[in-house]
Amino acid sequence: MDNADYLDVALRLANADLLDLPGLQAALHDEPWWSSRATSADVETLRTVATTIRTTLDAAVRGDGDAALTSVNGLLAEHPPRPRVSGHGAGGWHIHVADPDASPATEVAAASAWGLAQALVRHPLSRWGHCAAEGCGNYYLDSSTNQAKRFCSPRCANRVHVAAFRSRHRG
């Protein structure tokens, strides 16, 4: 994985309903090596991590850099990355942020903290947002060139645009 993937994990945790193990497994759908080993104890740990990620993202969306830095630094202190290179032959090397025998919660928490920290350093606070779709409120990072992103996903954007189209074409 790379830093962008780790940010994606952090955003999925922040936007997930971590009510139970299936909820966590759904949030980690792209990482079967974590989701298949996750337990109820991991849910409890990552629920707390997700709350801190949301606190950090709320600060970023508000443009409160000091609060975002304090929050992400707390997350890094509580879940420090322990980088190691892992690989599967000459071309398949990548970095993991936890020990090989770490629980999924340990690695996901460290990965999320690291990805969020790297993204906050790389992207200005004006690039962070909440989805504009009514009832959604998911967080996103706008990495578009024109800084015009308003929705967390194409699904939310399509739903809003279809509703607006239908509204314009009624009677």
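Asker: For the overall build of the protein, give the residues involved together with the corresponding values.
Answerer: Within the protein, the regular secondary structure consists of 7 helices and 4 strands. Taken over C-alpha atoms, the radius of gyration comes to 17 Å for the protein, in line with the 16 Å a tight globule of 171 residues would show. Across the 171 residues that make up the protein, the buried fraction comes to 39%. Of the contacts formed within the protein by residues at least 6 apart in sequence, a portion of 49% connects residues at least 24 apart. Accessible surface, the protein: about 9,500 Å² in total, of which carbon and sulfur atoms supply 53%.

Asker: Give a description of the environment of Val 72 that names residues and reports values.
Answerer: When you line up the elements, Val 72 lands in helix 5 (residues 65–78). For Val 72, a relative accessible area of 3% puts it in the buried group. Sequence separation between Val 72 and Asp 58 is 14 residues, and the spatial gap between their C-alpha atoms is 11 Å. Ignoring any residue separated from it by four or fewer positions in sequence, one finds Val 72 in contact with Thr 56, Ala 113, Leu 116, Ala 117 and Leu 120.

Asker: Before we move on, could you go through the state of the cysteines and cite the residues and values that matter?
Answerer: A covalent bond between the sulfur atoms of two cysteines is what we call a disulfide. Applying the stated criterion across every chain yields a total of 0 disulfides. Its sulfur unpaired, Cys 131 is 3.7 Å from the next cysteine sulfur, which belongs to Cys 136. By relative accessible area, Cys 131 is classed as buried at 7%. Residue Cys 136 stays outside any disulfide, its sulfur separated by 3.7 Å from that of Cys 156, the closest cysteine. Here Cys 136 falls in the partly exposed class, since its relative accessible area comes to 26%.

Asker: Explain the pattern of salt bridges to me, and be specific about the residues and the numbers.
Answerer: Between side chains of opposite charge, pairing is possible as soon as their charged atoms come close. Summed over the entire model, instances satisfying the criterion amount to 5 salt bridges. Two residues, Asp 8 and Arg 12, come together in a salt bridge whose shortest N-O distance is 3.0 Å. Here the residue Asp 8 and the residue Arg 12 both occupy positions in helix 1 (residues 3–15), the gap between them amounting to 4 residues, near one helical turn. Owing to a relative accessible area of 15%, Arg 12 belongs among the buried residues under this scheme. With a closest N to O distance of 2.8 Å, Glu 31 and Arg 12 form a salt bridge. Of the two residues, Glu 31 sits in the loop between helix 2 (21–27) and helix 3 (32–35) while Arg 12 sits in helix 1, which places them 19 residues apart along the sequence. Salt bridges linked by common partners bring Asp 8, Arg 12 and Glu 31 together as one network.

Asker: Run through the nonpolar core, naming residues and quoting values.
Answerer: Core analysis: the biggest nonpolar cluster contains 38 residues, and Leu 13, Leu 46, Ile 53, Leu 116 and Trp 128 have the highest contact counts within it. Listed by contribution, the elements that provide at least two residues to this core are helix 1, helix 2, helix 4 (40–62), helix 5, helix 6 (104–122) and strand 4 (139–141). In terms of residue count, helix 6 provides more of this core than any other element does, 10 residues in total. For Leu 116, the contacting residues outside a window of four places in its chain are Leu 7, Ala 10, Ile 53, Thr 56, Leu 57, Val 72, Leu 75 and Trp 128.

Asker: Pulling in residues and values, what's your account of helix 5?
Answerer: Relative to the 20 Å expected for 14 residues at 1.5 Å per residue, helix 5 spans 20 Å between its end C-alpha atoms, a close match to the ideal helical length. In this structure, the buried residues of helix 5 make contact with helix 4 and helix 6.

Calculation rules
- Residues numbered from 1 in each chain as written.
- Predicted model: local features only at pLDDT ≥ 70, side-chain atom pairs only at ≥ 80, totals over all residues.
- Heavy atoms only, no water.
- Helix = DSSP H or I, 4+ residues; strand = E, 2+ residues; numbered from the N terminus.
- Rg over C-alpha atoms; globule rule 2.2 N^0.38 Å.
- Buried < 20%, exposed > 50% of the residue type's maximum accessible area, 1.4 Å probe, protein only.
- Contact = heavy atoms within 4.5 Å.
- Areas by Shrake-Rupley, 256 points an atom, 1.4 Å probe, with all protein chains shown as cover.
- Disulfide = S-S within 2.5 Å.
- Salt bridge = Lys/Arg side-chain N within 4 Å of Asp/Glu carboxyl O.
- Core = buried A, V, L, I, M, F, W, Y, C linked by side-chain atoms within 4.5 Å.
- Expected span 1.5 Å × (residues − 1).

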